[in-house]
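In case you want the letters, here they are:
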Amino acid sequence: MSQLVFLVPLFPLIGFLITGLGRNYLSKTATGYIASGSILGAFIVSCLLFSQVYGSGSGQVFTLFHFIQTEGFSIPFAFQVDQLSSLFLLIITGIGFLIHVYSTSYMHEEDAHHFARFFAYMNLFVFSMLLLVLGANYVIMFIGWEGVGLCSYLLIGYWFKNGDYNYAAKKAFIMNRIGDLGFLLAVFWMLAKLGTATYGEVFSQVATLSTFDITAITMLLFVGAMGKSAQIPLYTWLPDAMAGPTPVSALIHAATMVTAGIYMIARSNVLYTLAPFSQGFVAMIGLATAIFAATIALRQNDIKKVLAYSTVSQLGYMFLGLGVGAYTGAVFHVMTHAFFKALLFLGAGSVIHALHHEQDIRKMGGLKKQLPITHITFLLGCIAIAGIPPFSGFFSKDEILMATYAHQPWMYFIAMGGALMTAFYMFRLYSLTFLGSYRGHTDAAHPIHESPLSMTFPLMVLAVLSVVGGFIGIPAVFAENAHWLEHFLAPVFQPSNELVQHTHLDHATEYLLMGISTVLVLIMILLAVKLFGKDDVDVKKDDTGIKKWMANKWYIDELYQAVIIQPLHIFSVLLKNLVEKNIIDGAVNGVGRLVHYGARQFRLIQSGQVGNYLLFMILSIVVFILIWFNDATILRALNNIF
Amino acid sequence: MIPVLLITLPIFSGLMAFFMKGQSVKSWALLSSFAVLGISIWSLFSDANLLSYSQAWLPSLGSRFDLTMQDGLSKLMCLLTALSFPLVLISTQQNSSNQSPHFFALMLLTQAGLMGVFLAADALLFYFFWELALIPVYFLCSIWGGEKRIAVTFKFFIYTFVGSILMLVGILSLYYMQDTPSFAWSSLTANASKGIYPNWAFWLFFLAFAIKMPIFPLHTWQPDAYEQSPTPVTMILSGVMVKMGLFAAIRWLLPLFPKATEQFAWVIVCCSVIGMIYASLLAIRQDDIKRLIAYSSIAHIGLMSAVIFSGNASGMGGVMIQMFHHGVNVIGLWIVANAIEQKLGTRSLSEMGGLAQKAPTLSILLVVMSLANVALPLTNAFVGEFLMFNSLFKYNVWLTAVAGISIILAAVYTLNMVQKVIYGEVNSLTEKATDTPFNVNFSLVLIAILIVVMGVYPQPLLDLTKDAVTQLFAQQ
């Protein structure tokens, strides 16, 4: 049955082709069914594959054809179905399907052909992500890797009349490309040293490489992850990516794209375990991003921007987990995060939909009455991301944090600070949106009402998953051998676990840390609700001091503009106007002019005086005789010159 | 047999076209180009004995009329030449230049010259065709070109002609250096292993080829020439003619001067890599869509020239398939640029915008061409670039890292172009635009299909060029 793996990416590809080519002919209903149906098909096959992997406990590689076969190496177009990829398949197609269903309502105002264009891009996005996850070597992964970059470009710039959106789309693609270059160099390095890019072969032969080589490969791969998974310093595209329609954000942040970096490192776990420097670097970047993005999220007023920075921050936690060796924890957090972040984005979309494209939370408030389902599900999502037991976010985040404590206690305390900020900004967002009184303008003709079932149904499903999703990873402190996910993924991470023995915390410490963190998170939540949930909350006040810096994202975009883009701009103008025009082409034209001038001067030799002609004749004869007898010497001289 | 047909057919139909009148010449030229394409496709499957032809030519000089499709590289380049002419002729039906019989006559003669360059197995014959390809182009540009055509074409002609003369000097000096003077490729290359060819002769050949490619800093004729030439000619210039330089380097320079190549590779590779970044940065600053594509093309050629002089076997295979793919893709971009110019009467990017609303089909096809231009995986350009970068990486890690920046810059200028042309609001100029006629869409869709099919399944072309690569490395 697992030969059917090719169907998983094929369904979305067919969906893309039908909706893309038939965009002028299909009705919106037909488009919606085809696009969602194709993802559902992929999901069903994924379930079959998953159950098979679960049953047999082993993975398999399927080669479709030879992609590149050349002197020195061969790259098959092959898919690898194992624990890690089948789990990701479920996340991608499952959540992808819910987002598709949701989009059929959310995008309903669009013209039929734009509606079809939207779903064509969405299907292509899922297709690319599936290639990324299914690939059995780094080159196939790279195909998906660049593919999701392309699709994010197309979807962020979906409303293409708006110049700012186009700019955001372009920024996403270019920033991703910077990372892609790192990824590509890593692949070249592998091919140069090992002659293969196939996972199985790389992982089994990697021990023969020097530490320098492994470190270089892993660092370069991580550059790719920084771009794709929005880590410092390549994170600025992700918040701007909010320009796309809201379901796109849900897709990018939850099911596809940004989790690619985590998947890649989890897949390459052996390499990272063998390169402690790189692994430490991953942990540091992850921790820094987690905190940094959280501070920005504290002062954002756009409902989607808060969620965007929250994603950047949560991805930081996942990288922290990978960096401290908690591979299972990182993958676990990818999964729970996919549930609650998809929920939160779709919930935000429901709010935006109800308020006719209002995204500023200062103009919201008191929406819990008008939007009961959205309110409840959004609240559940907030609790899950804040990490209150027994919601899903608690278990996954706790696993990462505990591993961090075992690794380096000081890192744990910083990470804990970020988690408290998370609770605070999420409940600031929740309170400003749903509590208090409505601060926007009311329009009698368009009363605020709850979204239709096709939008609320995905919210409900995701809410349930956000609540119970954590139970697949119950830590040993509560019950021995109850961590289902760890057992399931064990074969993938086994080589790493054999190399490094992780120290486990004693149960007393773990209980203590858990208890304190839960209490502090609850305090943060109450504080946020108290500050921002009251009826007369003052939102007009301008930020000052450090708050202003946070609200302006620490001016990082401005910094990049001044330090990289502007100098590059000046340099290229200089090249165009000075170097190209005057120096290089000037030299070429100079040669031309010289010949012209020389010809004019030379013409004067034709003076008509016989004496001059005789002189030239005799001189020429002398020169010729000299050459005649010395040609070997002259040739040698020429040879020496060149 | 086949090589002779590939050359004589366009010569014959070209000469006939001079005497034709009215619209029939269009069909005549198209018919001829399809016949050539058919023969070229036949060559891929035919017996080896049909692939070469030899006849006494200038016996007193020891030069023969030797034409061979000696390996997959020749086949591929002939296929590119044969494929590009129908594409160009179909897609530019509406251009004002395409109304004169002389235009078609000269175009067909150009095709004959190009075929000759890719087929000649005799150095003097090679030189003959090298010039034959240039002369009709000179007339095409100076008669149907843009405002500054006379000055620009003159510069282009003199620049490349200087290169050709240097090459002729090189050919003649090698001729006399052999024990039994001969112009035959086989004899010339066989003597190369004796090490009798001096390094300065390497430079004579190299300059001729480098100007044609072009390699930085010998490139300044190119953007001007591309801009001022009538677009059908620009397509041939950048799609096929620059491949003459690359092809000649692989076919003649490397086998003739293996030592010098090794010795001077670093200079050439450095120039090429500098050129990649340099041309990419200049491409970002261009407002004229034709000049943007011109600089983008220089950047892409830079990678190929770098790998030709430094590459390993897989890299060389990458160069060869990329020569084909670059030709197809850049013609695609020119077709789009031409369609836009025909529609809007301008090439200035700052005056465009909103074409996605007015001309959706053209816009989608522009996006596909652009993706191929940035070598996105699953487009044809990716495989070539992957193999070439991989090979450059083995030569020098740091150069690869620098050259890799061009991957990022390519995204910058290509997406800039896409954004300015098709996105944004419609303005007063683009308001009246409509979608492109069938002939343009047909050519573009054909190219788009090639881009995707070759991108997903690149192995057949790699297999085709395998013998050329093997032979090249066997000699060294």
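Here the structure is shown first, and the text comes after it.
Attention now goes to the overall build of chain A. A tally of helices and strands in chain A yields 24 helices and two strands. Principal-axis analysis of the C-alpha atoms places the extent of chain A at approximately 115 × 60 × 55 Å. Of all 642 residues assigned to chain A, the portion counted as buried reaches 57%. Residue pairs in contact within chain A that sit at least 24 positions apart in sequence constitute 81% of those at least 6 positions apart. A total accessible area of about 25500 Å² is found for chain A, and carbon and sulfur atoms account for 68% of it. In chain A, 34 positive and 33 negative side-chain charges are present, and the distance between their average locations comes to 11 Å.

Let us now look at helix 18 (residues 409-434) of chain A. Taking 1.5 Å per residue as the helical rise, helix 18 of chain A with its 26 residues ought to reach 38 Å, and the 37 Å between its terminal C-alpha atoms agrees with that figure. Within helix 18 of chain A, 21 of the 26 residues are buried, which leaves the element mostly enclosed by the surrounding structure.

In the case of a regular strand, side chains alternate between the two sheet surfaces. All names here are of chain A. In terms of burial, strand 2 (residues 73-81) is largely enclosed, as eight of its nine residues are buried. Bridge analysis of strand 1 (residues 60-70) against strand 2 gives nine bridges, and the strand direction is antiparallel. Considered in strand 2, the bridge of phenylalanine 65 is made with phenylalanine 77. Here strand 1 hands over to strand 2 after two residues, with glycine 72 in that stretch at a positive phi of 100°.

Throughout the structure, instances matching the rule amount to 72 aromatic pairs over all chains. Ring geometry for phenylalanine 88 of chain A against tyrosine 263 of chain A: centres 4.9 Å apart, planes inclined by 70°, an arrangement best described as edge-to-face. Residue phenylalanine 88 of chain A is found in helix 3 (residues 83-106), and its partner tyrosine 263 of chain A is found in helix 11 (residues 259-267); the two are separated by 175 residues along the sequence. Using a relative accessible area of 1% as the deciding quantity, one classes phenylalanine 88 of chain A as buried. We classify tyrosine 263 of chain A as buried; its relative accessible area is 0%. Taking 5.2 Å as the distance between ring centres and 5° as the angle between the ring planes, the aromatic pair formed by tryptophan 484 of chain A and phenylalanine 488 of chain A counts as stacked. One end of the pair, tryptophan 484 of chain A, and the other, phenylalanine 488 of chain A, are both in helix 20 (residues 484-499), four residues apart, so they sit about a helical turn from each other. The class of tryptophan 484 of chain A is partly exposed, set by a relative accessible area of 28%. What makes phenylalanine 488 of chain A buried here is its relative accessible area of 6%. Through a chain of ring-to-ring contacts, three or more aromatic side chains come together here, namely Tyr138, Phe142, Trp145, Phe183, Phe188, Trp189, Tyr199, Phe203 and Phe212 of chain A together with Phe382, Phe386 and Phe393 of chain B. When the ring centre of phenylalanine 115 of chain A is taken as reference, the NZ or CZ atom of lysine 28 of chain A above it lies at 6.0 Å. Directly above the aromatic system of tyrosine 317 of chain A lies the positively charged group of lysine 397 of chain A, at a separation of 5.6 Å from the ring centroid.

Residues and elements named next belong to chain A. Here isoleucine 516 lies in helix 21 (residues 507-532). On the basis of relative accessibility, which here comes to 45%, the residue isoleucine 516 falls in the partly exposed class. Spatially, the C-alpha atom of isoleucine 516 lies 30 Å from that of histidine 253, the residues being 263 residues apart in sequence.

What follows covers the layout of surface pockets. Empty space among the atoms can be located by rolling a probe the size of a water molecule over them. Residues and elements named next belong to chain A. Here the second largest pocket is characterised by a volume of approximately 1100 Å³. In terms of lining, the second largest pocket is formed by 42 residues, of which the most central are Glu399, Glu486, His502, Thr503 and His504. Tallied by class, residues from the lining of the second largest pocket come to 18 nonpolar, 19 polar and five charged.

Attention now moves to the pattern of salt bridges. Where charged atoms of side chains with opposite charge meet at close range, the side chains can pair. Residues and elements named next belong to chain B. What the rule picks out here adds up to 17 salt bridges over all chains. The partner of aspartate 179 in a salt bridge is lysine 194, with the nearest N and O atoms 3.6 Å apart. Of this pair, aspartate 179 sits in the loop between helix 6 (149-177) and helix 7 (185-192) while lysine 194 sits in the loop between helix 7 and helix 8 (199-212), and the two are 15 residues apart along the sequence. On the basis of relative accessibility, which here comes to 51%, the residue lysine 194 falls in the exposed class. Salt-bridge contacts for aspartate 224 lead to arginine 291; the nearest nitrogen and oxygen are separated by 3.0 Å. Of this pair, aspartate 224 sits in helix 9 (residues 221-228) while arginine 291 sits in helix 12 (residues 289-310), and the two are 67 residues apart along the sequence. Arginine 291 shares its class with aspartate 224; the two are buried.

Scoring rules and cut-offs
Residue positions are given per chain, counting from 1 as you read along its sequence in written order. Following the order in which they are written, the chains are lettered starting with A and the ligands numbered starting with 1. Local features in a predicted model are, by the rule used here, given only for residues with pLDDT of at least 70; side-chain atom pairs are given and counted only at 80 or more, and totals for whole chains, interfaces and linings are based on all residues. To get the side-chain values, all heavy atoms of the structure are used, and hydrogens and water are removed first. By the criteria applied, helices consist of DSSP H or I runs no shorter than four residues and strands consist of E runs no shorter than two, each listed in order from the N terminus. The cut-offs for exposure are 20% and 50% of the maximum accessible area for each residue type, with area from a 1.4 Å probe on protein chains only; residues under the lower value are buried, those over the upper are exposed, and the others partly exposed. When checking whether two residues touch, look at their non-hydrogen atoms; a contact exists if any pair is within 4.5 Å. Here the Shrake-Rupley method, with its probe set to 1.4 Å, supplies the accessible areas, and only the displayed protein chains count as covering residues. The charge count treats Lys and Arg as positive and Asp and Glu as negative. His and the chain ends do not count. One atom stands in for each charge, and that atom is NZ of Lys, CZ of Arg, CG of Asp or CD of Glu. Multiply 1.5 Å by the residue count of a helix minus one, and that product is the helix's expected span. The pairing criterion is simple: DSSP has to find at least two bridges between the two strands. The rule is short: rings of Phe, Tyr and Trp, with Trp giving its six-membered ring, pair when the centres are within 6.5 Å, and they are stacked under 30 degrees, edge-to-face over 60, tilted in between. The criterion is that NZ of a Lys, or CZ of an Arg, lies within 6 Å of the ring centre and within 35 degrees of the ring normal, and then a charge sits over that ring. Throughout, the protein atoms alone are placed on a 1 Å grid, and a set of points is a cavity if a 1.4 Å probe fits but cannot get out or a pocket if it is open with protein on both sides within 12 Å along at least five of seven lines; lining residues have an atom within 4 Å of a point. Grid points are joined across faces, edges and corners, and a volume is the space filled by probe spheres set on the points. Residues are sorted three ways: Asp, Glu, Lys and Arg are charged, Ala, Val, Leu, Ile, Met, Phe, Trp, Tyr, Cys and Pro are nonpolar, and all the rest, Gly among them, are polar. Note on definitions: salt bridges are taken to be side-chain nitrogens of Lys or Arg within 4 Å of carboxyl oxygens of Asp or Glu.

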